[in-house]
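Take a look at the letters that make up each chain.
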Amino acid sequence: MSFRRELSVIPKPAWVIACILYAGFAILIHFLVGSDPQMSQWPLIGQLAFQLLVPLFMFPLVAFYGYIFGDARRRGMNAVGWMLLALFVPYLIGAIIYFCIRDPLPIECQSCHTAVLGRFTFCPNCGQALRPYCPQCGKGVERDWSNCAHCGTKLPAKV
Ligand SMILES: [Zn+2]
Ligand SMILES: [Zn+2]
């Protein structure tokens, strides 16, 4: 999971939104600096640096919420809902909950190479089993289980 690949999860419109917010903040700060008696005395280069550098914080901020949106979408989760939750639940609690309980990443079916949502046991395209499953009820099981947690059937001994 490389950083570049994770970065590509952020949808392109997020960068457009970041640019618009950056420009908006830069203009806002420009007027603040111009109307502040103390800051308007600063050398021009200092004023300019302040106006252009401070709004840069918009980029990591928008990228963070854009990442949650794109990451939820590729995991087959409610992308808009999770992004809004992360955005509006204070102290990053919404974002922390998201990263704790998000669904696993899609896996590639070995047989037909379709990307399948990580919570599925079988490939919806070709029916190939993607993980160990219970022979009785067909639900996914963990390798170290002796009995199926869904239906109670004794699972075959591990080899
Ligand atoms: Zn398949
Ligand atoms: Zn079962």
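Residues numbered from 1 in each chain as written. Chains lettered and ligands numbered in written order. Predicted model: local features only at pLDDT ≥ 70, side-chain atom pairs only at ≥ 80, totals over all residues. Heavy atoms only, no water.

### A few points about the layout of surface pockets
Short version of the rule: A cavity here means a set of 1 Å grid points, computed over protein atoms only, where a 1.4 Å probe fits but cannot escape. A pocket is an open set with protein on both sides within 12 Å along at least 5 of 7 lines, and lining residues have an atom within 4 Å of a point. Grid points are joined across faces, edges and corners, and a volume is the space filled by probe spheres set on the points. Labels follow the DSSP assignment, with helices taken as runs of H or I lasting at least four residues and strands as runs of E lasting at least two, numbered in each case from the N terminus. Residue type decides the class: Asp, Glu, Lys and Arg count as charged, Ala, Val, Leu, Ile, Met, Phe, Trp, Tyr, Cys and Pro as nonpolar, and the leftover types, Gly among them, as polar.
If you add up the space inside the largest pocket, you get close to 230 Å³. Along the walls of the largest pocket sit Pro11, Pro13, Ala14, Ile17, Leu21, Leu61, Val62, Tyr65, Gly66, Phe69, Met83 and Leu87, which together make up its complete lining. Of all elements in the fold, only α2 (12–35), α4 (58–74) and α5 (79–88) reach the threshold of two or more residues within the lining of the largest pocket. In terms of residue count, α4 provides more of the lining of the largest pocket than any other element does, five residues in total. Residues of the lining of the largest pocket, tallied by class, amount to eleven nonpolar, one polar and no charged.

### Description of α4
Rules: The span expected for a helix works out to 1.5 Å for each residue beyond the first. The buried label applies to any residue whose accessible area, calculated with a 1.4 Å probe on protein chains only, is under 20% of its type's maximum; exposed applies above 50%, and partly exposed to all values in between. Contacts are assigned to residue pairs with any non-hydrogen atoms lying within 4.5 Å of each other.
An ideal rise of 1.5 Å per residue puts 24 Å on 17 residues; α4 measures up with 24 Å between its terminal C-alpha atoms. Met58, Val62, Ala63, Tyr65, Gly66, Tyr67, Ile68, Phe69, Gly70, Asp71 and Ala72 are the residues of α4 that are buried. For α4, the elements touching its buried residues are α1 (3–7), α2, α5 and α6 (93–101). Count one or two residues on from α4 and you reach Gly76, which has phi positive near 75 degrees.

### Digging into the domain arrangement of the protein
Operational definition: Throughout, the edges of the domains are those of an automatic or database domain assignment. Summed over both partners, the accessible area lost on bringing two parts together, with a 1.4 Å probe, is the buried area. Any Lys or Arg side-chain nitrogen found within 4 Å of a carboxyl oxygen on Asp or Glu counts as a salt bridge.
As far as domains go, the protein holds domain 1 (3–103) and domain 2 (105–159). Spacing between the C-alpha centres of domain 1 and domain 2 amounts to 40 Å. Contacts between the two partners involve four residues from domain 1 and, on the opposite side, four residues from domain 2. The three residues of domain 1 that bury the most area against domain 2 are Arg74, Arg75 and Asp103, which together make up 78% of that side's buried surface. Summed over the shared surface of domain 1 and domain 2, the number is one salt bridge. Here Arg119 and Asp103 are joined by a salt bridge, their closest N and O atoms 2.8 Å apart.

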